[in-house]
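Single-letter residue listing:
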Amino acid sequence: MPARFLTEWLPAIDDLAELKVTLFCLAALEQKEGKLRYLRFDELLADESLMRGLAIADKVRPAREVLNRALDRAVERGALLEAAIDLGEFFFVNDAGGKQLQAQVLAGEWLPAPGDAIEILPPRPTIYRLYEENIGPLTPMIADSLKEAEASYPRAWIDDAMRLSAENNKRSWRYIRAILERWRQEGRSHEKSRRHPRRRKR
């Protein structure tokens, strides 16, 4: 049980459903094996004991709505972290590991895995290392240009532009920048964001 639960979250919780969902999630996440500790919304919805408990906590609203409201409150309070992607909604405990996992999921650094799960990709090399490995030596001017590009374009665009530059044997920052600028002006029809708004049905 995170220390923050006893010192920060528990004293502030004034809703029985939120308390039940928070306790359930913290316990379930602790029991997860491996480094990827997360819970899917569908996983919570499918747990009969949790849903029965929520039906008792609020006898007016449907249990699914009670779950939604309780999760929203837990996320707003900071006990849980949330990431909505095209496979659904994922929840993490609010600690260093949970924050890192949430950031990776929101950044699209994941692949589908069996059973509607996700597999986190290994860390990508920095754009500076990527440039040195595929284009050429990194000079201070190029480093500044890469830093500006990282703030102006999606990281995936920069990676793809470097790859195209290497494939076409046009290994120069000028060529890469031209690709990026063309994509910004004309768009990339195949580009799809992996970030999705909340898709839980109320």
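Note that the coordinates shown come from a computational prediction; the quantities given were computed from them, not determined experimentally. (Residues numbered from 1 in each chain as written. Predicted model: local features only at pLDDT ≥ 70, side-chain atom pairs only at ≥ 80, totals over all residues. Heavy atoms only, no water.)

## Describing the pattern of salt bridges
(1) Moving on: Counted according to the given criterion, the structure contains 12 salt bridges.
(2) Moving on: Aspartate 14 is the salt-bridge partner of arginine 73, the closest N and O atoms lying 2.6 Å from each other. Of the two residues, arginine 73 sits in helix 5 (residues 63–77) while aspartate 14 sits in the loop between helix 1 (3–12) and helix 2 (16–31), which places them 59 residues apart along the sequence.
(3) Moving on: According to the relative accessible area criterion, arginine 73 is partly exposed, its value standing at 28%.
(4) Moving on: Bridged by salt links that share partners, the residues Asp14, Glu18, Arg73 and Arg77 form one connected network. (Salt bridge = Lys/Arg side-chain N within 4 Å of Asp/Glu carboxyl O. Helix = DSSP H or I, 4+ residues; strand = E, 2+ residues; numbered from the N terminus. Buried < 20%, exposed > 50% of the residue type's maximum accessible area, 1.4 Å probe, protein only.)

## Comments concerning the sheet that holds strand 2 (residues 80–85)
Backbone-to-backbone hydrogen bonds join strands into a sheet, with any given pair of strands oriented parallel or antiparallel.
(1) Moving on: Spatial ordering of the open sheet is given by 1-3-2, a layout of 3 strands whose pairing is antiparallel. At either margin of the open sheet sits one strand with a lone partner, and together these are strand 1 (39–40) and strand 2.
(2) Moving on: Bridge count for strand 2 against strand 3 (residues 88–93) is 6 bridges, and the pairing is antiparallel. Counterpart to alanine 84 in the pairing with strand 3 is glutamate 89. (Pairing = 2+ DSSP bridges.)

## Side note on helix 4 (residues 48–57)
(1) Moving on: Among the residues making up helix 4, those that are buried are Leu50, Met51, Gly53 and Leu54. What you see down the axis of helix 4 is that its buried residues fit within an arc of 160°, all on one side. Exposed side of helix 4, more than 90 degrees from the buried face: Glu48, Arg52 and Ile56 are the residues found there.
(2) Moving on: As for helix 4, its buried residues are in contact with helix 2, helix 3 (41–45) and helix 5. (Arc of directions from axis to C-beta. Contact = heavy atoms within 4.5 Å.)

## Some words on the side chain of glutamate 109
(1) Moving on: As for its placement among the helices and strands, glutamate 109 is situated in the loop between helix 6 (96–106) and strand 4 (110–113).
(2) Moving on: Not counting residues within four places of it along the chain, the set of residues in contact with glutamate 109 comprises Gln104, Glu119, Ile120, Leu121 and Arg124.

Taken by themselves, the reported measurements are silent on function.
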